[in-house]
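Architecture at a glance
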Amino acid sequence: MRCRSFGVIAGMCLLLFLTGSIFGQTFLTHKDLAFAQVAAGGGYDTVLNVTNRGSATYAGWLYFFQGNRQVWNPTVNGTPVSGGIMNITIPAGATQTYRVTSGTSIEAGFAFFYAGSDANTNFIEGNLTYHVRSGSTLLESVGVQPSSEFYLAALPFDDFSTIALALANGDPSVSSNITVKVINEANALVGTTPITLGSASHTARFLTELFPSVHITRGRIEISADQPLLGTALTVNAGTISSLPLQGSPRSYHFDAISGTVTSRGDMSLWVDGFFVRGYLRVTEFDGSTITPITYFLVGRLINGVLRANWYGSGAPYYNEEVYCYARFSPFSTEATSATGTYYATFISDLTSVIGSFQLTRTN
């Protein structure tokens, strides 16, 4: 996306960073669809292309908000929105386009599709495109992926001075405590700043504003929070803007799984996307002996500070039997340096079970 002057970059383009969701950590992938920044007016319009790949009609709502939880009423497909909400009906297999426009001045906010039913028959997918126009002439267009909620995200860059960052706390009642770190290309921490976002609030700044004393070129930022966030980042380079989506980054841990007199050790990684947790668990030691490492796929969920993780076990760490494993941690935070949970393993052959403790120590 191209801005026409540096003044526009510093002013109008930052207006695109209005982000968030009033429902907090409630988006269900493929049933709900969130876009953290929508722009309209002043030479900009936003196109949302959405398809329903389910077997039944998708019925729900398209919400528009901006700023501090204020409803936004842009024009969609030529009709003004009322009360910040539109009823949405997408037949099975259909694709629909929602063009968001406004007047002569640029406006911005965020938008999300929210399903009216939890039935497993209607699913949506989509994307967003910004259009930049001069009169009727299209100057540029930029595609953006849907936003997803995260607790931890990393963003590498090759020019610190070109990065702008927007973050939003979509929870309607709880503040989010956020830490943003700058790490140089040699993996040295060169800057840290805390941000407290109130409920349904957002912030949007260039990294040079957040870290005025940092002078580097290449590196990364890491964003961590105690509440799920929606966000995005932009590069602003010679007047041209490109979008950089923020997604969940992994944490790594050393673990000790103790059941009776038997201990398994190894390492684990996990990352969070909204409700959903994914990762890997690798066992390197069993009952006091080093073994050939075995990696298992881990899935689970993190809701209201409770982590539930599941995986299928087999091989030497499970007496060469098939085992269903489950661990529960409460409370759990991606920022905690350690966590202790309860560990259950059920042997499929005879349904006997063992129980023990599962201890995590963070390593990154």
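Residues numbered from 1 in each chain as written. Predicted model: local features only at pLDDT ≥ 70, side-chain atom pairs only at ≥ 80, totals over all residues. Heavy atoms only, no water.

A few words on the sheet that holds strand 25 (residues 338–347). The 8 strands are arranged 19-20-21-22-23-24-25-26 in a closed barrel whose pairing can be described as antiparallel. Looking at each pair of strands side by side, their axes are set apart by 30° on average, direction ignored. Here 6 bridges tie strand 19 (residues 251–259) to strand 26 (residues 353–362), and the two strands are oriented antiparallel to one another. Note that in strand 26 the partner of I258 across the bridge is S357. (Pairing = 2+ DSSP bridges. Helix = DSSP H or I, 4+ residues; strand = E, 2+ residues; numbered from the N terminus. Axes fitted to C-alpha atoms, helices over the stretch in contact; angles between N-to-C directions.)

Moving on, we get to the packing of aromatic side chains. Counting across every chain of the model gives 21 aromatic pairs. Taken together, a centroid distance of 6.4 Å and an interplanar angle of 45° make the contact between Y319 and F347 tilted. One end of the pair, Y319, is in the loop between strand 23 (306–313) and strand 24 (323–329); the other, F347, is in strand 25, and 28 residues separate them in sequence. Its relative accessible area of 11% is what places F347 among the buried residues. For the pair F329 and F332, a centre-to-centre distance of 6.2 Å together with 55° between the ring planes defines the contact as tilted. Each of the two residues, F329 as well as F332, counts as buried. Aromatic ring contacts, followed pair by pair, group Y253, F255, W311, F329, F332, Y343 and F358 into a single cluster. The lysine or arginine in question, K31, covers the ring of F123, its NZ or CZ lying 5.2 Å from the ring centre. (Phe/Tyr/Trp six-rings, centres within 6.5 Å; stacked < 30°, edge-to-face > 60°. Buried < 20%, exposed > 50% of the residue type's maximum accessible area, 1.4 Å probe, protein only. Lys NZ or Arg CZ within 6 Å of the ring centre and 35° of its normal.)

Further remarks concern the sheet that holds strand 2 (residues 44–52). Read from one edge to the other, the open sheet built from 6 strands follows the order 6-5-8-2-10-11, with strand pairing classed as antiparallel. The sheet terminates laterally at strand 6 (79–80) and strand 11 (137–144), the two strands that pair on one side only. Here strand 5 (residues 75–76) pairs with strand 6 via 2 bridges, running antiparallel. Within strand 6, the residue paired with V76 across the bridge is T79.

Right, let's talk about the nonpolar core for a bit. Counting 31 residues, the largest nonpolar core has M268, W311, F332 and F358 as the members making the most contacts within it. Sorting the residues of this core by element identifies strand 19, strand 20 (262–273), strand 21 (276–286), strand 22 (289–303), strand 23, strand 24, strand 25 and strand 26 as the ones contributing at least two each. Residue contacts for F332: discarding those within four places in its chain leaves Y253, L270, L302, G305, L307, A339 and L360. In terms of nonpolar packing, the next biggest core, distinct from the first, is built from 28 residues, V50, F64, V76 and Y130 among them. (Core = buried A, V, L, I, M, F, W, Y, C linked by side-chain atoms within 4.5 Å. Contact = heavy atoms within 4.5 Å.)

Another point: the pairing of strand 2. Counting buried positions along strand 2 gives 8 out of 9 residues, so the element sits mostly inside the fold. Relative to strand 10 (residues 124–134), strand 2 runs antiparallel, the two being bridged by 9 bridges. Along strand 10, the bridge assignment pairs Y44 with V132. With 6 bridges connecting them, strand 2 and strand 8 (residues 95–101) associate as antiparallel partners. Within the sheet, the bridge partner assigned to T51 lies in strand 8 and is T95.

So, about the environment of A111. Among the secondary structure elements, A111 is positioned in strand 9 (residues 107–115). The buried category is assigned to A111, whose relative accessible area is 1%. Linking A111 and A36, residues 75 residues apart in sequence, is a C-alpha distance of 6.7 Å. Once residues within four sequence positions are removed from consideration, A111 is found in contact with L33, A34, F35, V38, L62, Y63 and F64.

Now for the pattern of salt bridges. Using the criterion set out here, one finds 9 salt bridges in the structure. Among the ionic pairs, R220 bridges to E222, the shortest N-O distance being 2.9 Å. Taking relative accessible area as the criterion, R220 reaches 26% and is therefore assigned partly exposed. For E222, a relative accessible area of 22% gives the class partly exposed. As a salt-bridge pair, R251 and E335 come within 2.6 Å of each other at their nearest N and O atoms. Here the residue R251 occupies a position in strand 19, and E335 occupies one in the loop between strand 24 and strand 25, the gap between them amounting to 84 residues. Given the relative accessible area of 7%, R251 is considered buried. By sharing partners, the salt bridges in this structure join D45, R99 and R133 into a single network. (Salt bridge = Lys/Arg side-chain N within 4 Å of Asp/Glu carboxyl O.)

This part takes up the confidence of the model for the protein chain. Confidence along the protein chain averages 87 in pLDDT terms, with 92% of residues attaining 70 or more. By mean pLDDT, the top-scoring element of the protein chain is strand 5 (98), and the lowest-scoring one is helix 1 (residues 6–10) (28). In this model residues 1–22 is a low-confidence stretch, pLDDT under 50, and it forms 86 contacts with partners more than four residues away in sequence or in other chains. (pLDDT = per-residue confidence, 0-100.)

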